[in-house]
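# What the coordinates show
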2 protein chains.
Amino acid sequence: MQIYLIRHGIAADRNAQTTDAERPLTEGGRKKTKRVAQRLADLGVRFDALLASPLVRAEQTAAILQGMGLAARYELFTPLAPGGDIHLWVNWYQLQTYNAIALVGHQPDLGQWAEQLVWGDQGANGDRLILKKAGIIGIKLNPNGNPVGNGELFLLTSPKWLLAGG
Amino acid sequence: MQIYLIRHGIAADRNAQTTDAERPLTEGGRKKTKRVAQRLADLGVRFDALLASPLVRAEQTAAILQGMGLAARYELFTPLAPGGDIHLWVNWYQLQTYNAIALVGHQPDLGQWAEQLVWGDQGANGDRLILKKAGIIGIKLNPNGNPVGNGELFLLTSPKWLLAGG
């Protein structure tokens, strides 16, 4: 099983009218996220489940991924909100039988979770993976045993490396 | 400073006439490695130093990278041969003042070294990074202090994710 951890695209700054949770993607953020989604679609990537943090910038990112045909639908999943604990969601997916799922969320959580999946709760420093906005982490999970500490990292990329022409 | 760990391309099987050290890249391996090199050049990647394991398949990979303009020249560097210890070469580069260097070598060494650079000698499991042939690991090294255990991983990719059209 593959799990993709995808960071939301570039979002507008906070202002007097907008809470952090409401910050939308900028026009540039939408465009780059669409290019990343198109590239994933061209590569044949498909998600059996696509879950997003309930924050607007994450939901909008998931909507773009879904709109490009990467998943039949997406769902908001509150454990993916900023500051979440991997143990709030990691057992959820074990109940499912998916080939590939994608979680759209935030830094530093996604990088922290990736480290925990691969190196375990003790081995993770929590700040050693540079995940840019609309960047992607890919981890192969071992179907047997504890998902935390048994994964293998096969992908870590920013949009720059994915997209032809930067 | 950025360090790129690049695995050699697909090589011919061993046979009665060829030792492991002499195995050349296959025609398909040369083609895919050239496409990866072209993509890196298009992205503006340049190496101040390009070092290769002395094994033929690694030297041929480095020659392709150099031929695509990614570095002015390449050098063979015996500590990059299979089974090498990171501590045989990690102090070498500290004497230099480079912005970006690339090491062309072998698995499982490259993945092991990447883990050591990022998580330290103790934190590394040594087998948690999936690095395909002609795949690339990118690590940002902290210029201050011990390079082992202070790096940040910013790239891990197989040719599939780098190349348009697979």
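Above this note sits the structure.
Each chain carries its own residue numbering, running from 1 in the written order of its sequence. Lettering of chains starts at A and numbering of ligands starts at 1, both following the order in which they are written. Only residues with pLDDT of at least 70 are given local features in this predicted model, and only at 80 or more are side-chain atom pairs given and counted; all residues enter the totals for whole chains, interfaces and linings. Side-chain metrics in this entry use all non-hydrogen atoms of the structure; hydrogen atoms and water are not considered.

### Brief notes about the environment of F154 of chain B
Going by this rule: Only DSSP runs of H or I covering at least 4 residues are called helices, and only runs of E covering at least 2 are called strands; the numbering of each starts at the N terminus. Exposed residues in this analysis have more than 50% of their type's maximum accessible area, buried residues have under 20%, and partly exposed residues fall in between, with area computed by a 1.4 Å probe over protein chains only. The contact criterion used is simple: two residues touch if any of their non-hydrogen atoms lie within 4.5 Å.
With respect to the helices and strands, F154 of chain B occurs in strand β6 (residues 152-157). Classification of F154 of chain B by relative accessible area gives buried; the value is 9%. In sequence terms F154 of chain B and Q2 of chain B are 152 residues apart; their C-alpha atoms lie 9.4 Å from each other. Every residue in contact with F154 of chain B, bar those within four places of it in the chain, is listed here: I130, L156 and W161 of chain A together with Q2, Y4, G138, I139 and K140 of chain B.

### Quick notes on the nonpolar core
To keep it simple, the criterion reads: Residues belong to a common nonpolar core when they are buried Ala, Val, Leu, Ile, Met, Phe, Trp, Tyr or Cys residues joined through side-chain atoms within 4.5 Å.
Core analysis: the largest hydrophobic core is formed by 50 residues, its most contacted members being W89 and I139 of chain A together with W89 and I139 of chain B. In this structure, W89 of chain A is in contact with I3, F77, P79, L80, L103, W113 and L117 of chain A, ignoring residues within four places of it in sequence.

### Some remarks on the environment of A71 of chain A
Residues and elements named next belong to chain A. Here A71 lies in the loop between α2 (56-67) and β3 (75-76). The exposure class assigned to A71 is buried, which follows from its relative accessible area of 8%. Along the primary structure A71 and V45 are separated by 26 residues, whereas in three dimensions their C-alpha atoms are 9.2 Å apart. Excluding its chain neighbours within four sequence positions, the residues that come into contact with A71 are F47, L50, L65 and Q66.

### Digging into the pairing of strand β2 (residues 49-52) of chain A
All names here are of chain A. Definition in use: Being paired, for any two strands, means DSSP has found at least two bridges between them.
Of the two faces of β2, both are covered, the one formed by A49 and L51 as well as the one formed by L50 and A52. Across 4 bridges, the pairing between β2 and strand β4 (residues 100-105) is parallel. Paired with L50 across the two strands is A102, which belongs to β4. Of the strand pairs in this sheet, β2 and β3 are connected by 2 bridges, and their pairing is parallel.

### Topic: the interface of chain B and chain A
Definition in use: Buried area: the accessible surface (1.4 Å probe) lost by two parts on joining, summed over both. By salt bridge we mean one thing: a side-chain nitrogen of Lys or Arg within 4 Å of a carboxyl oxygen of Asp or Glu. N or O atoms within 3.5 Å of each other form a polar contact, as long as, within protein, one can give a hydrogen and the other can take it, and as long as residues adjacent in sequence are counted only when both atoms are side-chain atoms. Three classes are used: nonpolar for Ala, Val, Leu, Ile, Met, Phe, Trp, Tyr, Cys and Pro, charged for Asp, Glu, Lys and Arg, and polar for all others, with Gly counted as polar.
Listed per partner, the contact involves 30 residues of chain B and 30 residues of chain A. Carbon and sulfur atoms make up 60% of the area that chain B and chain A hide from each other, which totals about 2,500 Å². Counting across the interface, chain B meets chain A through 0 salt bridges. On inspection of chain B and its partner chain A, the count reaches 16 residue pairs in polar contact (both at pLDDT 80 or more). Counting residues per element, the ones that place at least two in the side of chain B that touches chain A are α1 (27-42), α4 (109-123), β6 and α5 (159-162) of chain B. Looking at which element gives the most residues to the side of chain B that touches chain A, the answer is β6 of chain B, with 6 residues. Here the side of chain B that touches chain A is built from residues that sort into 16 nonpolar, 7 polar and 7 charged.

### Notes on the packing of α1 of chain B against helix α2 (residues 56-67) of chain B
Residues and elements named next belong to chain B. Cut-off, in case you're wondering: Only C-alpha atoms enter the line fits that serve as axes; for helices the fit covers just the stretch in contact. Angles between N-to-C directions range over 0 to 180 degrees. When describing relative orientation, an angle under 35 degrees is termed roughly parallel and one over 145 degrees roughly antiparallel, while 65 to 115 degrees is termed roughly perpendicular and anything else oblique. Two helices crossing with the near one rotated counterclockwise from the far one by less than a right angle form a left-handed crossing, whereas a clockwise rotation gives a right-handed crossing.
With their axes 9 Å apart at the nearest point, α1 and α2 run at an angle of 40° to one another. What the angle tells us is that α1 and α2 run oblique. The element α1 and its partner α2 pack so that their crossing is right-handed. Note on element contacts: α2 touches α1 through Q60, T61, I64 and L65, opposite R30, T33, K34, A37 and L40. Its residues placed into classes, the contact of α1 with α2 shows 4 nonpolar, 3 polar and 2 charged.

### Section: a positive patch on the surface
To keep it simple, the criterion reads: Surface patches are drawn from residues lacking salt bridges whose relative accessible area is over 30%; two like charges belong together within 9 Å, two nonpolar side chains (Val, Leu, Ile, Met, Phe, Trp, Tyr) within 5 Å. Throughout, the Shrake-Rupley method with a 1.4 Å probe supplies accessible areas, and for residues the shown protein chains are the sole cover considered. Positive: Lys, Arg. Negative: Asp, Glu. His and the chain ends are not part of the count. Taken as the charge location is NZ of Lys, CZ of Arg, CG of Asp or CD of Glu.
A surface patch of positive charge is lined by K140 of chain A together with K132, K133 and K160 of chain B. Examined against the element boundaries, K132 of chain B turns out to sit in the loop between α4 and β5 (136-140).

### Considerations on unusual backbone geometry
Residue and element names in this part refer to chain A. Following Q107, the chain continues to P108 via a peptide bond in cis, the omega torsion being 5°. Relative to the elements of secondary structure, P108 occurs in the loop between β4 and α4 (109-123). Phi angles above zero are rare outside glycine, and A134 is one such case at about 65°. By the element assignment, A134 lies in the loop between α4 and β5 (136-140).

### With respect to the relation of the copies chain B and chain A
Keep this limit in mind: A residue counts toward the fit only if its pLDDT is at least 70 in both copies, and the copies are then superposed by least squares on the C-alpha atoms of those residues.
When chain B is fitted onto chain A, the two copies agree to an RMSD of 0.0 Å after a turn of 180° and an axial shift of 0.0 Å. In symmetry terms, the pair is related by a two-fold rotation axis. Minimal C-alpha distance to the rotation axis in chain B is attained by L156 of chain B, lying at 2.4 Å. Most of the interface of chain B is mirrored in chain A, where 100% of its interface residues are also at the interface.

Interpretation in functional terms is not warranted from these geometric data alone.
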